[in-house]
Amino acid sequence: MTALQAFPLWSDFWRAPHRPLMLCAVLAALAGPFLAEATPQAHARLMVFGFAGAAIGAYLLTVLPGWTKVRASPRRIAVLCALWLAGRLFSGPAEALYFLLLAATLARPIAALRIWDRIWAPLAAVFLAVAALVPDLEGGVPPLLIAALIAVVGGRALPAFLASAADCPPPPDRPVLRIGAALLILAAAVWPHPLWHLAAVACLVWQVPGWPLRVPPAGLLLLPPWLWLCAALLLMAQDAVPNSLAMHALTMGGIGGMVHAFLARVFARRVNGGALKLRAASLAGAAALHASVAARLMDALPLAYWLWALAWGITLAQLVAHFMQPHRIPVFIGTRRRSRNAAS
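Criteria and thresholds
Residue positions are given per chain, counting from 1 as you read along its sequence in written order. Under the rules for a predicted model, residues below a pLDDT of 70 receive no local features and side-chain atom pairs below 80 are neither given nor counted, while totals for whole chains, interfaces and linings still include all residues. The basis for the side-chain values is all heavy atoms of the structure; hydrogens and waters are excluded. The helix count covers DSSP runs of H or I at least four residues long, the strand count covers runs of E at least two residues long, and both are numbered beginning at the N terminus. Exposure categories follow from relative accessible area, calculated using a 1.4 Å probe and restricted to protein chains: below 20% of the type maximum is buried, above 50% is exposed, and the middle band is partly exposed. The criterion used for residue contact is that any of the two residues' heavy atoms lie within 4.5 Å. Methods summary: accessible areas were calculated by the Shrake-Rupley approach with a probe of 1.4 Å, and residue burial reflects only the protein chains presented. By definition, pLDDT measures how confident the predictor is in each residue, and it falls between 0 and 100. Criterion for a salt bridge: a side-chain nitrogen of Lys or Arg within 4 Å of a carboxyl oxygen of Asp or Glu. Think of a nonpolar core as a cluster: buried Ala, Val, Leu, Ile, Met, Phe, Trp, Tyr and Cys residues, connected wherever their side-chain atoms sit within 4.5 Å. Residues enter patches when their relative accessible area tops 30% and they take part in no salt bridge; the joining distance is 9 Å for like charges and 5 Å for the nonpolar side chains Val, Leu, Ile, Met, Phe, Trp and Tyr. Side-chain atoms alone can form a polar contact between residues adjacent in sequence; in general such a contact is a pair of N or O atoms within 3.5 Å, and within protein one must be able to donate a hydrogen while the other accepts it.

Considering the overall build of the protein chain
Okay, so step 1: Helix and strand counts for the protein chain come out as 15 helices and two strands.
Okay, so step 2: Taken across its 344 residues, the protein chain has 54% of its residues classed as buried.
Okay, so step 3: Look at the contacts in the protein chain between residues 6 or more apart in sequence, and 74% of them connect residues 24 or more apart.
Okay, so step 4: Per element, the accessible surface of the protein chain, about 15,200 Å² overall, is 70% carbon and sulfur.

Structure follows, in C-alpha cells:
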C-alpha cells in the first residue's frame, strides 16, 4: 500500500486539480488587500498572476479530461503548485514558468487530438506567461487578457449553466460574438481606445437576451460577474474615470466574481436527480463580494477590504470542508442532469 492509498483524502487532494489550485487562489485573495496600500505593484501581481492565475489553472485542468480524456498527473499538479508558490516569492520568471508549464500540460493532448477549437486555452497561458515578464502592471494589459478569456469561456459556459438550471435546451452557441468580444478586449489592451471597449461591451451584452434568465441562483450567480465585466469596460472608455476604479471593477467584480461563482458550484448540493442548489454560505459570500466591489468604487476602502475578506473567508471555510469529502468532478461546465458527473 502506497502512502497515497493510506491517506485517501490526501490522494484526492492531488488527483483533483481544482483542490490545491483553488486553495492557492483563495489564499491569494485573502492576502491581496494587505499589500494594496504598502506595495501596489506586489498587490497587482498577487491578484492577477496569483489569484486569477491559480483559478485559471484549476478550471482548465479540471475541464481538460472532458476535452481530451487526458488528466494531469498528481505530480504535474504538485509541480504547478510549487511554481505558483515560487512566483509569489520571485515575481517575473517564476510566474512565467507556472503559466508555461500550464500551457504545455494543455497543449500536448489538445494538439495530439487536433482539437483546434480549444487551442485558445494553452495560448492564453502563453500570453499570461509573457505578461508576467513585464515588471510594471500599470497599463492593465494582464487583467484585460483574463477578461478576454472570460469572454470566450463565459460566453459559452453561462448560457449552458443557465439552461441546465432551467432544465431546458441550451441556446445556440454564438462563437462570433464570444470571439469577437475577446478580440476587441485584446485590441483595447494593445491599442487603448474607447471604441474597442464600447464594441466589446456591445458583443457581451448582445449575447444576454438569448439566455434563459428565470432560473434559480445556481445559474444566476454567474450573471453579476458578466455585468461587472461590461461595467468595467464602460468605465475604461471614460477619460474622466480613474483607471484604478475601472480596474477594480474588472478584477474584483468581473474576475473575482466569476471565480467565486464557479467555486460555489463545487460546494453546491445536488437535489431532484442532480440539479444544483447553492448553499447559503455561498450566497452570503457572493453578496459580500459584490458589496465589496461597490464599496471600492465609492472609495470606501476599509469597508471594501472587510467585505472582500469576509467573502473569501467564508469561501476558505467551505473549501476546507470540501477537502474532507471524497473527490467528485465539479460541474465547471454547464452539463445537463443526465451527465451530471462529467466536466465537459
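From this point, things continue past the structure.
Describing the confidence of the model for the protein chain
Okay, so step 1: Taken as a whole, the protein chain shows an average pLDDT of 87; of its residues, 89% reach a score of 70 or greater.
Okay, so step 2: Contacts from residues 334–344, a stretch scored under 50 in pLDDT, to residues over four places away or in other chains number 32 contacts.

Describing the environment of A96
Okay, so step 1: On the secondary structure map, A96 appears in helix α6 (residues 93–112).
Okay, so step 2: C-alpha of A96 to C-alpha of A129: the two residues are 33 residues apart in sequence and 4.1 Å apart in space.
Okay, so step 3: Residues within four places of A96 in sequence aside, it is in contact with A129, A132 and L133.

Considerations on the pattern of salt bridges
Okay, so step 1: Inspection of every chain in the model, using the stated rule, returns four salt bridges.
Okay, so step 2: We note a salt bridge from R178 to D173, for which the minimum N-O separation is 2.9 Å.
Okay, so step 3: For R178, a relative accessible area of 7% corresponds to the buried category.
Okay, so step 4: Here D173 falls in the partly exposed class, since its relative accessible area comes to 38%.
Okay, so step 5: A salt bridge links R296 to D299; its shortest N-O distance comes to 3.3 Å.
Okay, so step 6: On the basis of relative accessible area, D299 is assigned to the exposed category, the value being 53%.
Okay, so step 7: Shared partners join several salt bridges into a network, and the residues in it are R45, R88 and E95.

Here's the deal with the nonpolar core
Okay, so step 1: Counting 109 residues, the largest nonpolar core has F51, L233, L250 and W312 as the members making the most contacts within it.
Okay, so step 2: When residues no more than four places from it in sequence are discounted, the contact partners of L233 are L144, I185, H197, A200, V201 and L204.

Regarding a nonpolar patch on the surface
Okay, so step 1: There is a patch of nonpolar side chains on the surface, built from L97, L100, L123, V126, F127 and V130 and spanning about 510 Å² of accessible area.
Okay, so step 2: Within the residue set of the nonpolar patch, elements represented by two or more residues are α6 and α7 (120–132).
Okay, so step 3: Counting residues per element, the nonpolar patch draws most heavily on α7, which supplies four residues.
Okay, so step 4: When you line up the elements, L100 lands in helix α6.
Okay, so step 5: The exposure class of L100 is partly exposed, given its relative accessible area of 42%.

A look at the side chain of H197
Okay, so step 1: On the secondary structure map, H197 appears in helix α10 (residues 194–207).
Okay, so step 2: A distance of 3.1 Å separates a polar atom in the side chain of H197 from the backbone oxygen of H193.

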